[in-house]
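Listed below, chain by chain, are the residues.
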Amino acid sequence: MKHQHSLANQKIVLLLGYLQLGGAEKQALTLAQGLKKSGAKSVEIWGYGSSGVVIEFASSLGIPTQILPSPNLDSTTSIARSVLLLSKKLRQHSITTILPFTTRPNVIAGLSWRLGGASQCWWNQRDEGRDLVPTLAMKTALRLSTGALSNAHFSLTVLHQKLKFKSQNSHVIRNGLSPSPPTIQRNEWRNILGIS
């Protein structure tokens, strides 16, 4: 990737559109846990709306959280208010990297990160583009982002098709896995499967 930084110097925010547990939120929790174990200076999960189970899971993992008022992407005033608020919070916490998950966070983060003093912000396309609308705010946020990430090639193709995204700085990073600890030991499995 073009912008590589030592994790030890990174103060990272994963920004969620909702704080209830869905696919993107589960991936954010898995990533936050991995970044924390890998030595990031700090990792936080911030989210829009009201408190949800993500806050409880993050707290159990020792990951700080914040809840922000939800932006309305159909209102220029709401977008501006959300950009100013996020920029202020990024500066207050000296955040270096912001990784949004889903459309609303992508738009607000893409418009906020430079004002907030962060060094990078990646558009993170996690779905088939169901909320992508070629508005000025959305296209500008994508253009201002460091680059684009996705968990599938198809989602990057949708960015090219719907928002005319032409950056070469785009990457597919597959979803992370957090396997459960084994409940049956090796010798028990051998007995069950009838192998030596």
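Residues numbered from 1 in each chain as written. Predicted model: local features only at pLDDT ≥ 70, side-chain atom pairs only at ≥ 80, totals over all residues. Heavy atoms only, no water.

Novice: Just to check I follow, could you spell out the overall build of the chain for this structure?
Specialist: Within the chain, the regular secondary structure consists of seven helices and seven strands. Start at the N end of the chain and walk to the C end: the helices and strands fall as β-α-β-α-β-α-β-α-β-α-β-α-β-α. Principal axes of the C-alpha set define a box for the chain whose edges measure 65 × 35 × 30 Å. Looking at the 196 residues of the chain, the share that counts as buried comes to 45%. Sequence-distant contacts in the chain: of pairs separated by 6 or more residues, those separated by 24 or more amount to 62%. In the structure as shown, the chain presents an accessible area of about 10,600 Å², 55% of it carried by carbon and sulfur atoms. (Helix = DSSP H or I, 4+ residues; strand = E, 2+ residues; numbered from the N terminus. Buried < 20%, exposed > 50% of the residue type's maximum accessible area, 1.4 Å probe, protein only. Contact = heavy atoms within 4.5 Å. Areas by Shrake-Rupley, 256 points an atom, 1.4 Å probe, with all protein chains shown as cover.)

Novice: Could you clarify how one ought to interpret the sheet that holds strand β7 (residues 170–172) in this entry?
Specialist: What holds strands together in a sheet is hydrogen bonding between their backbones, with the strands either parallel or antiparallel. Taken together, seven strands build an open sheet; the order of strands is β3-β2-β1-β4-β5-β6-β7 and the sheet is parallel. Two strands bound the open sheet, and with one partner strand each, they are β3 (65–68) and β7. Ignoring which end each strand starts from, the neighbouring axes of this sheet average 20° apart. Helix α2 (residues 53–60) rests against β1 (11–16), β2 (42–48) and β3 of the sheet, and its axis sits at about 160° to β3. (Pairing = 2+ DSSP bridges. Axes fitted to C-alpha atoms, helices over the stretch in contact; angles between N-to-C directions.)

Novice: Is there a simple way to think about the packing of aromatic side chains in this case?
Specialist: Between two aromatic rings, the relevant description is the distance of the centres plus the angle of the planes. Summed over all chains, the structure comprises zero aromatic pairs. Over the ring of Y18 we find R104, and its NZ or CZ is 4.8 Å from the ring centre. (Phe/Tyr/Trp six-rings, centres within 6.5 Å; stacked < 30°, edge-to-face > 60°. Lys NZ or Arg CZ within 6 Å of the ring centre and 35° of its normal.)

Novice: Is there a simple way to explain the nonpolar core in this structure?
Specialist: The nonpolar side chains of a soluble globular protein tend to be buried with one another. Among the nonpolar cores identified, the biggest contains 29 residues, and L15, W46, L86, I98, W123 and L159 are the most heavily contacted of them. Those elements giving two or more residues to this core turn out to be β1, β2, α3 (76–92), α4 (103–112), β5 (120–125), α5 (136–144) and α6 (153–163). Judged by nonpolar contacts, the second largest core, of 20 residues, contains L19, A32, I45 and W122. (Core = buried A, V, L, I, M, F, W, Y, C linked by side-chain atoms within 4.5 Å.)

Novice: Explanation requested: the environment of T77 in the structure shown.
Specialist: On the secondary structure map, T77 appears in helix α3. The exposure class of T77 is partly exposed, given its relative accessible area of 48%.

Novice: Even after reading the chapter, I still don't get the pattern of salt bridges, so can you show me in this structure?
Specialist: When the charged atoms of two side chains lie near each other, side chains of opposite charge can form a pair. Counted by the stated rule, this structure contains two salt bridges. Close ionic contact of R130 with E128 constitutes a salt bridge, the shortest N to O distance being 3.0 Å. Under the relative-accessibility criterion, R130 is labelled exposed at 56%. With relative accessibility at 38%, the residue E128 sits in the partly exposed group. What you see here is one network of salt bridges that share partners, running through D127, E128 and R130. (Salt bridge = Lys/Arg side-chain N within 4 Å of Asp/Glu carboxyl O.)

Novice: Teacher, can you tell me more about the packing of α4 against α5 here?
Specialist: Contact geometry for α4 and α5: axes closest at 8 Å, N-to-C directions at 65°. Note that α4 runs across α5; the crossing there is left-handed. Residues T103, N106, V107, G110 and L111 of α4 form the contact with α5, whose own contacting residues are A137, M138, T140, A141 and L144. Among the residues making up the contact of α4 with α5, the classes are represented as six nonpolar, four polar and no charged. (Left-handed = near helix turned anticlockwise from the far one by under 90°. Nonpolar A, V, L, I, M, F, W, Y, C, P; charged D, E, K, R; others polar.)

That's the geometry; what it means functionally is another story.
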